[in-house]
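# Descriptive analysis of the structure
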Number of protein chains: 2
Amino acid sequence: MAARRVLKYAILGLLRKDDKSGYDITSDFKQAIGQFWSAKHSQIYTELKKLLEEELISSYIELSGEKLEKKMYTLTEKGKEDLHTWLLTQDDHLETEKDVFALRLYFLKDIPSADLLALFENQLNLRTNKLNMLKEQYAYHFGEENRPVDLDADDLGHYFVLTKAISREENYIFWLMESMDIIRQRQYGE
Amino acid sequence: MAARRVLKYAILGLLRKDDKSGYDITSDFKQAIGQFWSAKHSQIYTELKKLLEEELISSYIELSGEKLEKKMYTLTEKGKEDLHTWLLTQDDHLETEKDVFALRLYFLKDIPSADLLALFENQLNLRTNKLNMLKEQYAYHFGEENRPVDLDADDLGHYFVLTKAISREENYIFWLMESMDIIRQRQYGE
DNA sequence: ATCTTCATGTAATAAGTTACATGATTCC
DNA sequence: GGAATCATGTAACTTATTACATGAAGAT
């Protein structure tokens, strides 16, 4: 996978509004944006160090409590420009969207329908939980209505990411259920 | 990304029916299964070497033409068992489905609607082309009907992967168009 | 007190891409 | 004869995960 230095731009992007620490960035990847990109703290700290060297960000220390130091990072002008250029870049091809469940499914020959259905049930569970979590997030931020009216620029990004993730999971679940029907039909012939 | 040794199992899976060369496996990743996993030839040859050492596959030479040697790989019993176990393994969590377009979108603050729409148009183009390609593949293998009746075990995997990919792209396109409507509405207020 | 979360880093390893390198066969 | 495809491999590098390592602050 890995298009060129996506983590770099993900981090620059997360710093676009406020200064953040490595820990903050790690937390962000556990929220909405974690639906579309994520990284472990070890990779984030390493990348931050690199971005500092490249002078795309600068840092200062902030105390939280008596002794605990937070290293805060700010976008430099150079960093802002680099981010801006990247944001307007058009992709010239689509990357493979890796999906281990679908891969596994491709090899299902000789697996009994009952086992296959168990795999589907498991996937359906995971996806349903995720969808519910996403819908809760949506309701919390944008209310219960289908489409909120007043979206300022900040919320818009969040709105797009949440609706994208929700629509992805709904579609996945729909396909899972359709496929399970087909397997159940086959099952009677076994 | 990368759940544990997915490429290993992708390769074992591709060898489940027939013996294949590294080149054949590379080609497979450009076909249907490439919608959900892929790898470059350099990685594939390296992994095949590793799988040989682990005695999950064995190899022999086949001549194609006068001199050109194809190194063919076969699943060993050990390899078959390993694959079978993996196929029945349930995931306990979902990986982040990385999507650079959605990531970029999250950071769209201060980008003019016109530029934003250009990014969407580009994505819409790429996705539409992909969808058409997938639909052609579907028609070629399963005909024009909505749901084929007679699917044997081999075709079923292929069927699932193709319908999954088609449904994913249709859903993506639907969401793109919905989002573009919202942006166009905002645009009048600028 | 002790558990969880906040907070930062490095080391070792695994996975994946790009570039380097070579040669045969087929199609036009 | 030349281009595209068939065919295999290694080297250098980038990206990502897991494990190691430490300590402060807040909650119960």
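Since the structure is predicted, the reported quantities are computational estimates derived from the model, not experimental observations.

Take the pairing of strand E2 (residues 57–63) of chain B next. In regular strands, side chains alternate between the two faces of the sheet. All names here are of chain B. When E2 meets strand E3 (residues 69–75), the two strands line up antiparallel, connected through seven bridges. If you follow Ile57 over to E3, its bridge partner there is Leu75. Hairpin connection from E2 to E3: five residues lie between these consecutive antiparallel strands, with Gly65 at a positive phi of about 95 degrees.

Facing the 70 residues of chain B at the interface are 70 residues of chain A. Buried surface at the junction of chain B and chain A, both sides included, amounts to about 7,400 Å², of which 65% is carbon and sulfur. Its largest share of buried area at the contact with chain A, chain B owes to Glu97, Tyr106 and Phe107 of chain B, together 11% of the area lost on that side. Seen at the junction of chain B and chain A, the total is six salt bridges. With a shortest N-O distance of 4.0 Å, Glu97 of chain A and Arg168 of chain B are connected by a salt bridge. Across the contact surface, chain B and chain A share 26 residue pairs in polar contact (both at pLDDT 80 or more). Broken down by element, the side of chain B that touches chain A gets its largest block of residues, 21 residues, from helix H7 (residues 153–187) of chain B. The residue inventory of the side of chain B that touches chain A, partitioned by class, reads 33 nonpolar, 17 polar and 20 charged.

Next up on the list: the packing of aromatic side chains. Scanning the model with the defined rule gives 22 aromatic pairs over all chains in all. Where Tyr172 of chain A meets Trp175 of chain A, the ring centres are 5.9 Å apart and the plane angle is 85 degrees; that geometry is what we call edge-to-face. Highlighted residues: Tyr172 of chain A and Trp175 of chain A, both in helix H7 (residues 153–187), separated by three residues, approximately one helical turn. As far as the burial class goes, Tyr172 of chain A and Trp175 of chain A line up, both buried. Between Trp175 of chain A and Phe160 of chain B, the aromatic rings sit 6.3 Å apart at their centres with planes inclined by 85 degrees, giving edge-to-face as the arrangement. Taken together, the residues Trp175 of chain A in helix H7 and Phe160 of chain B in helix H7 connect one chain to another. Grouping residues by exposure puts Trp175 of chain A and Phe160 of chain B together as buried. In textbook terms, an aromatic cluster arises when at least three aromatic residues are bridged by ring pairs, as seen for Phe101, Phe120, Tyr172 and Trp175 of chain A together with Tyr138, Phe142, Tyr159 and Phe160 of chain B. The residue whose ring lies beneath Arg104 of chain B is Trp86 of chain A, and the NZ or CZ to ring-centre distance is 4.4 Å.

Our focus in this paragraph is the relation of the copies chain B and chain A. Rotating chain B by 180 degrees and translating it 0.0 Å along the rotation axis places it on chain A, where the RMSD comes to 0.0 Å. On this basis, the relationship between the two copies can be described by a two-fold rotation axis. With an isologous cut-off of 70% or more, the 100% of interface residues of chain B that recur at the interface of chain A puts this contact in the isologous class.

Right, let's get into helix H1 (residues 6–14) of chain A. Where burial is concerned, most of H1 of chain A is hidden: nine out of the nine residues are buried. Taken residue by residue, H1 of chain A has Val6, Leu7, Lys8, Tyr9, Ala10, Ile11, Leu12, Gly13 and Leu14 of chain A as its buried positions.

Taking strand neighbours across the sheet as the criterion, the three strands line up as E1-E3-E2 (chain B) in an open arrangement whose pairing is antiparallel. The outermost strands of the open sheet, each flanked by one partner alone, are strand E1 (20–21) and E2 of chain B.

In terms of nonpolar packing, the biggest core is built from 116 residues, with Phe29 and Phe120 of chain A together with Phe29 and Phe120 of chain B touching the most fellow members. In contact with Phe120 of chain B, not counting residues within four places along its chain, are Phe101, Leu105, Trp175, Leu176, Ser179, Met180 and Ile183 of chain B.

Residue and element names in this part refer to chain A. Entries for chain A in the domain assignment read domain 1 (6–87) and domain 2 (100–187). Distance between the C-alpha centres of domain 1 and domain 2: 30 Å. Contacts between the two partners involve five residues from domain 1, matched on the other side by ten residues from domain 2. The junction of domain 1 with domain 2 conceals about 630 Å² of combined surface from both sides, 62% of it contributed by carbon and sulfur atoms. The largest share of the area that domain 1 buries against domain 2 comes from Ala32, Gln35 and Phe36, three residues that together contribute 78% of it. Linking domain 1 to domain 2 there are zero salt bridges. Where domain 1 packs against domain 2, one counts two residue pairs in polar contact (both at pLDDT 80 or more).

Right, let's get into the sheet that holds strand E1 (residues 20–21) of chain A. Remark on secondary structure: sheet strands pair via backbone hydrogen bonds, oriented parallel or antiparallel. Residues and elements named next belong to chain A. Overall, antiparallel pairing links the three strands, which are arranged E1-E3-E2 in an open sheet. With partners counted over all chains shown, the strands left at the sheet margins are E1 and strand E2 (57–63), one partner each. Two strands pair when backbone bridges link them, and E1 and strand E3 (residues 69–75) are joined in this way by two bridges, in the antiparallel orientation. Bridging from a neighbouring strand, Lys20 pairs with Tyr73 of E3.

Turning our eyes to something else, we now look at the UniProt feature "domain: Transcription regulator PadR N-terminal" (unreviewed entry) in chain A. UniProt annotation of "domain: Transcription regulator PadR N-terminal" (unreviewed entry) refers to residues 11–84 of chain A when read in the numbering used here. For residues 11–84 of chain A, the end-to-end C-alpha separation is 13 Å, with 43% helix and 22% strand making up the annotated structure.

What counts, and where the lines are drawn
- Residues numbered from 1 in each chain as written.
- Chains lettered and ligands numbered in written order.
- Predicted model: local features only at pLDDT ≥ 70, side-chain atom pairs only at ≥ 80, totals over all residues.
- Heavy atoms only, no water.
- Pairing = 2+ DSSP bridges.
- Helix = DSSP H or I, 4+ residues; strand = E, 2+ residues; numbered from the N terminus.
- Contact = heavy atoms within 4.5 Å.
- Buried area = accessible area lost by both parts, 1.4 Å probe.
- Salt bridge = Lys/Arg side-chain N within 4 Å of Asp/Glu carboxyl O.
- Polar contact = N/O pair within 3.5 Å; in protein donor to acceptor, adjacent residues only side chain to side chain.
- Nonpolar A, V, L, I, M, F, W, Y, C, P; charged D, E, K, R; others polar.
- Phe/Tyr/Trp six-rings, centres within 6.5 Å; stacked < 30°, edge-to-face > 60°.
- Buried < 20%, exposed > 50% of the residue type's maximum accessible area, 1.4 Å probe, protein only.
- Lys NZ or Arg CZ within 6 Å of the ring centre and 35° of its normal.
- Least-squares fit on C-alpha atoms with pLDDT ≥ 70 in both.
- Core = buried A, V, L, I, M, F, W, Y, C linked by side-chain atoms within 4.5 Å.
- Domains from an automatic or database assignment.
- UniProt positions renumbered as here; feature names shortened; annotations may be inferred.

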